[in-house]
Amino acid sequence: MSVRNEELAALFEEFAALLEAQDVEYKPRAYRQAAENIRSHPEPVADLARRGGTDAVKEVNRVGDAIASKVVEYVETGEIEELEELRAELPVDMAALTSVEGVGPKTVGTLYYELGVRTLDDLEAAARAEEIREVPGFGAKTEENILANLDFARQSNERQLLSRARPLADEIQRHFADVAAVGRSEVAGSLRRWKPTIGDVDLLVASDDPEAVVEAFTGWEDADAVIEAGPTKASVRSAGIRVDLRVVAPEEFGAALQHFTGSRDHNISVRDRAIERGLKVNEYGVFDVSDVDDPDAGQRVGERLACETEADVYAAIDLPLVPPELREDRGEVEAAAEDRLPDLIEESDVRGDLHVHTTWSDGRYSVREMVEAAEERGYDYVNVSDHATGPGMVGGVGLSDDELEEQLAEVREVGDDADIEVFAGVEANVGEDGSVSVGDALLEQLDCVVASPHSALDGDGTERLVRAAEHPEVDVIGHPTGRMLNQRSGLDIDVSTVATAAAEANTALEINASPSRLDLSGGAVKLAIEQGATVVVDTDAHSPSNFDLIRYGVHTARRGWAEVGDVLNAWETDDVRAFLER
DNA sequence: GCCGTTTTCGGCCCGACTGTTTTCAGTCG
């Protein structure tokens, strides 16, 4: 069983917290940044360690000799000696304890040394016994807050899917629409960057009367609890999701939006570039501090160059506007500086969907209904791709070759009546050995064959997907890793290897737009495109309303730097047909 | 611990809020 990036990231986050608890400076930040970059690395870092040792692991941004050798040590031995030593000195359940709102590494350290608190249960017992308020630097209020936040920490440490967070953000914005003090309001943070899962919802509001906005926010009917509320900033919990509000002056909205959209690492790159130019960037604007003795003397020191719009902020450091989806410190600042940012695909560029189900398998609408829905959306083409029977298909969902043959007749008939191109397809299963679960004779009759892994979804899937991609009748590899967000991480794949094979075989790699999948991920899409592969954004629709999920897929494609030319279903019908026939 | 068109040594993003304090540490984003 291979080591997952998530597991490595958690280790280094624990490392960072243990160091921070002991008042170590700077190292915690280095460990946290490394952890974050390992987590979001599109390929298993453990594989890098096995294949190329520390030098290969150092390819990960912000990972140097020391952390790389710890990765190798962990992959080889299952342990990191230094981490074990730190754990021995501070034997606490760091991840659980710091998941309590308001409890950080320093607090964990103090409560362990003063009261012997090691677990959430210890923490609750100490709070109930009113022991925490006796510790120097703590008081009754802190103790109450810990008790109030304990239950929430116990029940939920999952990140939220976009499909929950987006509608919640929309809901608050509707609430704000009736508040006179609210000027412009925008979603910021990871939600605006369309990360597949988000920790909280960040909202930014422009107003000359911030306190009225905070009041309207904390008084929002769906706010279950107020976490904090100051003059310009407040946080509430709603439906188990933390929502952070920040209110800024209208003339500083652009600088604030840039700041609160992040990512943290992107902003560090932006600030580094500003520092090179004698400038300072913060949430209030870009300032020329070259003639200022102490640039850190206040929030608005020096001559302000920009702040009204995000474009002004980037222009002040000689960059074009960087789209939010690219702001992950994956080379976008360098690309912007060299004027080679991609011309990203947009939702309106999508011309069809190549992965759609009907009542023939587990869809809830007929072939005709799904085709009509695609027509109504203004699509030029749609591929009917019901499940074939095979590995991973349970409960009689998948169709036999004979049944597929029957369905083919119906799809052709509907296609004859339709104003759009109707491709006859299938979603076949990729077996553990990379074989495809439908007979070649039938595959040859079909226009567009999607092949997806549905079983044995762990371990290394590279060879398996390469073999499927090289099958002459396969046109699309559906949800390549089979991951389900928050549930299973799916196959480990060497994206470059799979993408290279797919590019040579004229097989497209799917970006499955279902919010619980988003598979491939944005990082993997970027790698795939760099290898020359074509991607396709599909909704895997089981009903007409599912076609709306396309936006999650398009934004994932944008996170992968995809342009129209990279995305099969942004092409015209004839070009798609030509690709499928190759 | 990481990193380099100011550096291989000496810096490290930066500000709001809270609770505990008489000026600040910890947490969070």
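Please read these numbers as outputs of a predicted model, since none were measured by experiment.

**Structural notes on the overall build of chain A**
Right, so step 1: Looking only at helices and strands, one finds 24 helices and 17 strands in chain A.
Right, so step 2: Radius of gyration (C-alpha) of chain A: 26 Å, near the 25 Å computed for a compact globule of 582 residues.
Right, so step 3: With respect to the three principal axes, the spread of C-alpha positions in chain A is 75 × 55 × 45 Å.
Right, so step 4: Counting over 582 residues, chain A shows a buried share of 55%.
Right, so step 5: Sequence separation of at least 24 residues holds for 67% of the intrachain contacts in chain A that already meet a minimum separation of 6.
Right, so step 6: When the accessible surface of chain A is summed, it comes to about 24500 Å², and 43% of that surface belongs to carbon and sulfur atoms.

**Topic: the protein's contact with DNA strand B**
Right, so step 1: Contacts to DNA strand B come from 47 residues, most closely from Arg29, Gly64, Gly139, Arg271 and Tyr284.
Right, so step 2: Considering the 4 Å shell around the protein, atoms of DNA strand B inside it are sugar or phosphate in 82% of instances.
Right, so step 3: Note that a sugar or linking oxygen of DNA strand B is positioned 2.9 Å from one of the side-chain N or O atoms of Thr142.
Right, so step 4: Between DNA strand B and Thr232 there is a distance of 3.0 Å, counted from a phosphate oxygen to a backbone nitrogen or oxygen.
Right, so step 5: Among the residues making up the surface near DNA strand B, the classes are represented as 14 nonpolar, 13 polar and 20 charged.

**Details of unusual backbone geometry**
Right, so step 1: In this chain, Gly262 is followed by Ser263 through a cis amide linkage whose omega measures -5 degrees.
Right, so step 2: A cis amide bond links Asp519 to the next residue, Leu520, at an omega of 10 degrees.
Right, so step 3: With respect to the helices and strands, Leu520 occurs in the loop between β16 (508-512) and α22 (522-530).
Right, so step 4: Here Trp194, not a glycine, exhibits a phi torsion of approximately 60 degrees, which is positive.
Right, so step 5: Relative to the helices and strands, Trp194 resides in the loop between α11 (189-192) and β3 (197-198).
Right, so step 6: By relative accessible area, Trp194 is classed as buried at 7%.
Right, so step 7: At Ala456, a position not held by glycine, the phi torsion is positive, near 50 degrees.
Right, so step 8: Position of Ala456 among the secondary structure elements: in the loop between β14 (448-452) and α20 (462-470).
Right, so step 9: Classification of Ala456 by relative accessible area gives partly exposed; the value is 29%.

Rules behind the numbers
Residues numbered from 1 in each chain as written. Chains lettered and ligands numbered in written order. Predicted model: local features only at pLDDT ≥ 70, side-chain atom pairs only at ≥ 80, totals over all residues. Heavy atoms only, no water. Helix = DSSP H or I, 4+ residues; strand = E, 2+ residues; numbered from the N terminus. Rg over C-alpha atoms; globule rule 2.2 N^0.38 Å. Buried < 20%, exposed > 50% of the residue type's maximum accessible area, 1.4 Å probe, protein only. Contact = heavy atoms within 4.5 Å. Areas by Shrake-Rupley, 256 points an atom, 1.4 Å probe, with all protein chains shown as cover. Near = heavy atom within 4 Å. Polar contact = N/O pair within 3.5 Å; in protein donor to acceptor, adjacent residues only side chain to side chain. Nonpolar A, V, L, I, M, F, W, Y, C, P; charged D, E, K, R; others polar.

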